[in-house]
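# What the coordinates show
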Amino acid sequence: MGRPAPRPLLLALLWLAVCRGRVVQVPAGALVRVVGTELVIPCNVSDYDGPSEQNFDWSFSSPGGSGGFVELASTWEAGFPAQPYRERLRTGQVVLRRTANDAVELHIKNVQPSDQGLYKCSTPSTDATVQGNYEDTVQVKVLADALRVGPTERPAPSLSLREGEPVELRCAASSSPTPAPEASPSPAPVPPAPHTHLALRWELRRGPERRTVLALTHLGRLRAGPGYEQRYRVGAVRLGTDGADGFRLALDPALAADQGAYWCVVGEWIAERGAWQEIQEKAVEVAAVVIRPTVLRAAVARNVSVAEGTDLDLACNISTDRADDVRPEVAWYFSRSPDGALPASRMLAQLDRTSLVHSAPGVALSHTDMRSYHLLVRDVSRDSAGYYFCQVALWTLGHNRSWHKVAEARSAPASVDVTWLEPDFQVFLNASRMPAFADDPTELECRVVDVRPAEARVRLAVSWYYRLSRRSDDAVASELLAVMDGDWTLRYGERSKRRARDGEFIFSKEHTDTFSFRIQRTTEGDRGNYFCVVSAWTRQPNNSWVKSKDVFSKPVSIFWAAEDSVLVVKAQQPKPLFAAGSTFEMTCKVSSRNMKSPRYSVAITAEKTATAGPGPNETRCMVSLDQDAVVRPGNWTDAARAQGVVLEKVQEDEFRYRMYQTQVSDAGLYRCVVTAWAPVGGSLWREAATSRSNPIEIDFQTSGPVFNASVHSDTPSVTRGQPIKVFCILTVEGAMLDPDSMAFDVVWFAVHSFGLDEDPVLLSTLDRKGIVTTAPRHGKSGLSLERVGALEFLLQVHDSEDHDFGNYFCAVTPWVKSPTGSWQKEAEIHSKPVFITVKMDVLTAFKYPLLIGVGLSTVVGLLSCLIGYCSAHWCCRKEVQETRRERRRLMSMEMD
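Residues numbered from 1 in each chain as written. Predicted model: local features only at pLDDT ≥ 70, side-chain atom pairs only at ≥ 80, totals over all residues. Heavy atoms only, no water.

### Comments concerning the overall build of the chain
When helices and strands are counted, the chain shows six helices and 63 strands. Counting only residues that meet the buried cut, the chain has 40% of its 896 residues in that class. Taken as a whole, the chain presents about 49400 Å² of accessible surface, with 53% of it coming from carbon and sulfur. (Helix = DSSP H or I, 4+ residues; strand = E, 2+ residues; numbered from the N terminus. Buried < 20%, exposed > 50% of the residue type's maximum accessible area, 1.4 Å probe, protein only. Areas by Shrake-Rupley, 256 points an atom, 1.4 Å probe, with all protein chains shown as cover.)

### With respect to unusual backbone geometry
Put simply, Asp 252 and Pro 253 share a cis peptide bond, and its omega is 5°. Mapped onto the fold, Pro 253 is located in the loop between strand S18 (246-251) and strand S19 (260-272). The residue Asn 110 is not glycine, and still its phi comes out positive at about 55°. Position of Asn 110 relative to the elements: it lies in the loop between strand S7 (103-108) and strand S8 (117-122). Given a relative accessible area of 39%, Asn 110 falls into the partly exposed group.

### Some remarks on the confidence of the model for the chain
In the predicted model, the chain carries a mean pLDDT of 80, and 84% of its residues have values of at least 70. Averaged pLDDT values for the elements of the chain fall to 41 in helix H1 (residues 8-16) and rise to 91 in strand S48 (residues 654-659). Long-range and interchain partners of residues 1-20, a stretch whose pLDDT sits below 50, account for 20 contacts in this model, where long-range means more than four residues apart. (pLDDT = per-residue confidence, 0-100. Contact = heavy atoms within 4.5 Å.)

### A few points about the sheet that holds strand S14 (residues 196-206)
The sheet built from six strands is open, its strands ordered S12-S20-S19-S14-S15-S16 with mixed pairing. Strand pairing shows two members of the sheet lacking a second neighbour, strand S12 (158-162) and strand S16 (222-224), which therefore form its edges. In this sheet, neighbouring strand axes are inclined to one another by 30° on average, regardless of whether the strands run parallel or antiparallel. The pairing of S14 with strand S15 (residues 209-216) spans seven bridges and is classified as antiparallel. Its bridge partner being in S15, Leu 204 is matched across the sheet by Arg 211. (Pairing = 2+ DSSP bridges. Axes fitted to C-alpha atoms, helices over the stretch in contact; angles between N-to-C directions.)

### Quick notes on the pairing of strand S29 (residues 386-397)
Counting buried positions along S29 gives ten out of twelve residues, so the element sits mostly inside the fold. Across ten bridges, strand S24 (residues 326-335) lies against S29 in antiparallel orientation. Bridge assignment links Glu 329 to a residue of S29, and that residue is Ala 393. Across seven bridges, the pairing between S29 and strand S30 (residues 403-410) is antiparallel. In the sheet register, Ala 393 faces S30, and the bridge partner there is Glu 408.

### Comments concerning the packing of aromatic side chains
Counting across every chain of the model gives 22 aromatic pairs. Consider the rings of Tyr 657 and Tyr 670, whose centres lie 6.5 Å apart with planes at 25°: the pair is stacked. You can see Tyr 657 sitting in strand S48 and its partner Tyr 670 sitting in strand S49 (residues 668-681), a full 13 residues away along the chain. With respect to class, Tyr 657 is no different from Tyr 670; both count as buried. Aromatic rings pair up to connect Trp 464, Tyr 466, Tyr 492, Phe 505, Phe 507, Phe 517 and Tyr 530 into one cluster. Over the ring of Phe 69 we find Lys 120, and its NZ or CZ is 4.5 Å from the ring centre. Note that Arg 205 overlies the ring of Trp 263, its terminal NZ or CZ placed 4.1 Å from the centroid. (Phe/Tyr/Trp six-rings, centres within 6.5 Å; stacked < 30°, edge-to-face > 60°. Lys NZ or Arg CZ within 6 Å of the ring centre and 35° of its normal.)

### Here's the deal with the state of the cysteines
Every disulfide links exactly two cysteines, by a covalent bond between their sulfur atoms. Counting across every chain of the model gives six disulfides. The disulfide partner of Cys 316 is Cys 390, and the S-S distance across this bridge is 2.1 Å. Torsion about the S-S bond of the Cys 316 and Cys 390 cystine: about 60°, corresponding to right-handed handedness. Note that Cys 316 is positioned in strand S23 (residues 312-320) and Cys 390 in strand S29, a separation of 74 residues in sequence. Put simply, Cys 728 and Cys 810 are joined by a disulfide, and their sulfur atoms are 2.2 Å apart. (Disulfide = S-S within 2.5 Å.)

### Considering the pattern of salt bridges
All chains considered together, the criterion is met by 29 salt bridges. Of the charged contacts in the structure, one is a salt bridge between Arg 162 and Glu 165, with a shortest N-O distance of 3.2 Å. Classification of Arg 162 as buried rests on a relative accessible area of 15%. Overall, the relative accessible area of 22% leaves Glu 165 in the partly exposed class. Between Glu 607 and Arg 671 there is a salt bridge, and its shortest N-O distance comes to 3.0 Å. (Salt bridge = Lys/Arg side-chain N within 4 Å of Asp/Glu carboxyl O.)

### A few points about the side chain of Ser 713
Among the secondary structure elements, Ser 713 is positioned in the loop between strand S52 (706-712) and strand S53 (717-719). Of note is the side chain of Ser 713, whose polar atom sits 3.4 Å from the backbone oxygen of Thr 715. At 2.7 Å, the side chain of Ser 713 and the backbone oxygen of Lys 725 are in polar contact. Dropping the residues within four chain positions of it, Ser 713 is found in contact with Lys 725, Val 726 and Ile 836. (Polar contact = N/O pair within 3.5 Å; in protein donor to acceptor, adjacent residues only side chain to side chain.)

Structure representation (structure tokens):
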């Protein structure tokens, strides 16, 4: 199509304009667009300074066309466009927009594959000479829409999480660009697909506000959005990939400002002749994130009164809805005014998120649990009166071990009034080391803070107690473990005496105000509640000490979940035992549960019927085998038969007991008592459980002779000095035996009282081999024991004394020789007692006292006569002469 001739109006305008050399410019290189996007081609004229608008014409040439350029649009002629483009110009799909007098923009909306080709921008000129370039062309390439953007979940989910928790959002984006196909009858060869890059940007949208969180440029560089630079540097905001087309945004931890809708914006870029241009951009909503704020409250007591010189204890109680791994940071402040600001307040103590305590001198910060933090101010004075409050912050551990604050709260101030009272103190009990399993160590620390720490006025005595934990409300008495007085004298209780001497319990005084109790190996029996009691002894004006107060600590529970050890022992008798003299065999099978690698110690016990009356049966240990397989004999009396008892270990959990040449006296109930030992450490063992087996009975069915014993004395009453003779007479019922087939062990006893309420005294024994053994005696009397007949035994007490009176009886153990030649021990029999009286000889008793009395009386009488004679001869004679002289003088006076 030819270009029309210049019109008169145009010629007039050109003549009025001052024209110089000009250059028409369009973007250099090729423009690449995707089907369905908008194409904008700017065109401007350089070195144009005319007063009026410059006119522009746009033409298009398709790649496969052969007719040259087709008129597309014009700024000065309405009929300029060709017929195919008039409809698009009318509907606004193609727009020519002027941006300046010398610049226009060609807008093609909804680019189609047919829009690919060359676009020429030209400006008409009436210059006499051509000065510059009056037209310029640009190539436009149209690619098919191959960009795919979408979230991993549809529809976009709504995520609700707490502040400080991590969140991850995922977006999938991919592109495989291909040239857009052209609808032409003779298509040209398809050029190769250009290589495109993807740029991804995560946006946070809250209403009209949009914020870039993190972007990945088309050159592969990560750039944090405004306000996210610091979090990106520490790794709290990260962008990762999932496979070939997945992109993951991680916020760890999520903050309150992260709430909103998150969009994934993906742009496709292409490099054309060394310049990058974005060919299209798509956005999709991935998720709506709701951040729930953390609830945190801090409270302290409002009004507190404390005595001067005592300790101030304030508790900061924290309540929060967080149950995950958050670390509190607690700081205590002091202010003179109730509304004191933090800069004007003085920090007393701080517990940081790593559990390190920083405190001023005389101030301590402790906590019994994660919800209560105690401030302890020692030895308060009047300057300590004021307002105390705590500042609490919760921190959570994020990516790269970095900490982030999720909540902060401040308590209302506590008004503290300091008054003067008697010395007082408080006790804190903390478990510095808790056992997780049996045999782990336990360490308790009892801390005492004295109001007035002067040792001259107050002495402290510490007591440690144990109380069994029960699920019911039944009252349980506390058991004393140890008492440490003010002078550090340590006294143990009955519960801890043995273990303290063995070094398992250690009581110590670490400092003047700190006492510790350590259990080296905690057993299951040590589980329960422990508390310490501190007693204060105050010195009085007279230098005496009086107990003024007992302070109980809060109990600390020592507990760990553990199943009880179960030990089961089953005894069996492989073959029955019918007659004495044969071998008795018993096996014990052991099974255990809830014990790791136990060893067993076994003891064989025999329960026999008591021979002294209706009392409890007698139980004896026959033989034992410890956990190291060392055999030890039992405590039974017949040491001669110790070699006939064998206890051996058949397997790790099976033991066998044999007793050769059984006697009739061996009848009874036999059991295996097994103790399981668990390893403690090294070569040490602890007792885990003890159990008894079922009894195996030895019962001999015999029809042998029956023996009876009786005592007799021909002289039941003797005079002191005469011998006492008592006979022990045996009788045999049933089958008669040869005297050589019988032997007896005879034991004589005496009860030196009129009744049988005192313990019998052993006098003498005669065994079956004829050996006599006499017990030591304190008096002058002597004993002799002899066998005077086959079934008679005589006991004589020579030179009897008064204390030899009483009840005499004998105990006899018969021995019967069996047909096999072995001696069988029968049951011990006791005779009834016979009472022996020792009388005194009256004449002999009073003869010597009477002679002594007569002799002493005679001597005393003669001595009295001699004293009387001497007194009369020497003393009374002088008195008579003086009397006569006085009478003679009186007679002379009368005569005168």
